[in-house]
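The chain contents come next:
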There are 2 protein chains.
Amino acid sequence: MAERGRPRGFDRDAALDAATKLFWCKGYSATSIADLCAAMGIVSPSLYAAFGSKEALYAEAIGHYVKNYDAPIWGRLDATGKSARTSIEDWLMASAAILPATDRPGGCMVTLSAVGDDKTSELCDLLVQGRAESLRRIEARLDRAAAEGELSATLDLKGIARFYVGVHQGMSVQARDGATRADLEAMARSAMAAWDSLTGTKVSSS
Amino acid sequence: MAERGRPRGFDRDAALDAATKLFWCKGYSATSIADLCAAMGIVSPSLYAAFGSKEALYAEAIGHYVKNYDAPIWGRLDATGKSARTSIEDWLMASAAILPATDRPGGCMVTLSAVGDDKTSELCDLLVQGRAESLRRIEARLDRAAAEGELSATLDLKGIARFYVGVHQGMSVQARDGATRADLEAMARSAMAAWDSLTGTKVSSS
DNA sequence: TCCTTTTTGTGTTGATCGATACAGAAATAG
DNA sequence: CTATTTCTGTATCGATCAACACAAAAAGGA
């Protein structure tokens, strides 16, 4: 089943990856179509033919980021045979290793896009939902631990999840500011130092 | 000592406050001069006469934010007669109370501007320095505690400071996403749950 | 070969960007 | 009063914004 018409002269996925990294670095508003064309190695009609619009390209870039850069980290969370504590520690330590990587923009794209940039509120929702998803995943892992008897069901699991997601978000901000892997690993260990207290007999909030 | 020429027809500080809130909400790149003029209630020649340029106005807005919105929170940190632990807890709890305030944009302007937005690297530096200053303040408070004998001098005080600043940054991101005061207070308490472990006999790293 | 389909490159669209020129208005100084 | 100084409002500057028209180019189907 061959394709009709003139074949595309560039690798769509490679171009999307280049666009993703540019949006990741500069944010939505500060990135122009001309910037994108230069980074992707194509001209604007090709960009519009392949991706539709700047907004649509950004939405695809977020999906590309989640699938190719974010998902591997989350894999650490749901591995079987590990306690919730170990899973979350692994997730934070893996993040500490990759957030300051020099072969890509620092920090988490979804977290750091939390900020400022206006965005058509459709894109803004996409990002808010992405961050809410992080919270849901951690909470789900804690719920599973409660169901399996590792944690007490009377704990404020949502609050604990929010705390660890918050630490992860802080790690992203500091990675963007130049924190090293060792710096971020120390943050991860510090957060884990609260685990016993948070999951102990103490009631969540007073 | 009266002023020569026609007097300015608007309150410069009130206009700066309006500009600050707009930049705080939308970020630098997504905020246009037209947006600013509308929010400040002036026309563009008045804006340029009073503030010079968009970049200069943004730099002044950051200063206005730090002085009028951020400083009150930091006052909690250096109050006398309190332990470092209580000071940091107060700082986090005060932040939890004010970050989700509905009479202003959510989250910390300096933290949330960490992101994306290109900025002439001069403005970017301004923000990076602002965030570095937060780290320095917390670290200075811990150093003082070590000098006063509250904490052991062998601890990784910089790492502890980085952890609490990171939690604060995570609180800003979540405040922007709609977290409530109670949500943020729970995060603050969770972070404080690590205090004993972080400041105990345990060696900082490895 | 000729037709259809799709992409590519050139050139351009109206809108908006940040920033000003200029003239009139409103104050002080003499 | 007149002269000077400074701000306000209109109108606009060239540059850039996101997006596209159009024709040449490159493929398959007939």
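Everything here concerns the structure above.
The text that follows walks through the structure, step by step, so that each part is easy to find. (Residues numbered from 1 in each chain as written. Chains lettered and ligands numbered in written order. Predicted model: local features only at pLDDT ≥ 70, side-chain atom pairs only at ≥ 80, totals over all residues. Heavy atoms only, no water.)

**A look at the overall build of chain A**
Along its length, chain A carries ten helices and zero strands. Each helix and strand of chain A, placed in order from N terminus to C terminus, yields the pattern α-α-α-α-α-α-α-α-α-α. Its C-alpha atoms give chain A principal-axis dimensions of about 65 × 40 × 30 Å. Scored against the burial criterion, the 206 residues of chain A give a buried share of 50%. Here the contacts in chain A between residues at least 6 apart in sequence split such that 68% fall between residues at least 24 apart. (Helix = DSSP H or I, 4+ residues; strand = E, 2+ residues; numbered from the N terminus. Buried < 20%, exposed > 50% of the residue type's maximum accessible area, 1.4 Å probe, protein only. Contact = heavy atoms within 4.5 Å.)

**Some remarks on the protein's contact with DNA strand D**
Around DNA strand D, the structure places 23 residues, and the nearest of them are A:Ile33, A:Ser44, A:Tyr48, A:Lys54 and B:Gly9. For DNA strand D, the fraction of atoms within 4 Å of the protein that belong to sugar or phosphate moieties is 72%. Within the side chain of A:Tyr48, a nitrogen or oxygen atom sits 2.9 Å from a phosphate oxygen of DNA strand D. Contact between DNA strand D and B:Arg4: a sugar or linking oxygen at 3.4 Å from a side-chain N or O atom of the residue. For the surface near DNA strand D, the elements supplying multiple residues, two or more each, are helix 3 (44–51) of chain A together with helix 3 (44–51) of chain B. Its residues assigned to classes, the surface near DNA strand D shows eight nonpolar, eight polar and seven charged. (Near = heavy atom within 4 Å. Polar contact = N/O pair within 3.5 Å; in protein donor to acceptor, adjacent residues only side chain to side chain. Nonpolar A, V, L, I, M, F, W, Y, C, P; charged D, E, K, R; others polar.)

**Focus: the side chain of A:Ser87**
Residues and elements named next belong to chain A. The topology assignment puts Ser87 in helix 5 (residues 84–98). By relative accessible area, which is 0% here, Ser87 ends up buried. Setting aside residues up to four positions removed in sequence, Ser87 forms contacts with Arg76, Leu77, Ala79, Lys82 and Arg141.

**Focus on the relation of the copies chain B and chain A**
Note on the copies: chain B fits chain A at an RMSD of 0.0 Å, the axial shift is 0.0 Å, and the rotation between them is 180°. One copy is carried onto the other by what is essentially a two-fold rotation axis. For chain B, the residue whose C-alpha comes nearest the rotation axis is B:Ala194, separated from it by 2.0 Å. Of the interface residues in chain B, 97% have counterparts in chain A that sit at the interface too, so the contact is made through matching surfaces. (Least-squares fit on C-alpha atoms with pLDDT ≥ 70 in both.)

**Observations regarding the interface of chain B and chain A**
A common way to express how large an interface is: the accessible area buried when the components associate. The interface of chain B with chain A comprises 38 residues on the first partner and 38 residues on the second. Summing both sides of the interface, chain B and chain A together bury roughly 3100 Å²; the carbon and sulfur share of this comes to 59%. Counting every contact that joins chain B to chain A gives four salt bridges. Among the salt bridges present, the one from A:Asp183 reaches B:Arg162, with a minimum N-O distance of 3.5 Å. Taken together, chain B and chain A are joined by eight residue pairs in polar contact (both at pLDDT 80 or more). (Buried area = accessible area lost by both parts, 1.4 Å probe. Salt bridge = Lys/Arg side-chain N within 4 Å of Asp/Glu carboxyl O.)

**Overview of the protein's contact with DNA strand C**
In the vicinity of DNA strand C there are 23 residues, among which A:Gly5, A:Gly9, B:Ile33, B:Tyr48 and B:Lys54 approach most closely. Counting only atoms of DNA strand C within 4 Å of the protein, the fraction found in sugar and phosphate groups is 68%. The separation between a phosphate oxygen of DNA strand C and a polar main-chain atom of B:Ile33 is 2.7 Å. In the model, a base oxygen of DNA strand C is placed 2.9 Å from a nitrogen or oxygen of the B:Ser44 side chain.

**Remarks on the environment of A:Leu47**
Residue and element names in this part refer to chain A. With respect to the helices and strands, the residue Leu47 is situated in helix 3. Between the C-alpha atom of Leu47 and that of Leu57, which follows or precedes it by ten residues, the distance is 8.7 Å. Every residue in contact with Leu47, bar those within four places of it in the chain, is listed here: Ile33, Leu36, Cys37, Met40, Ile42, Gly52 and Leu57.

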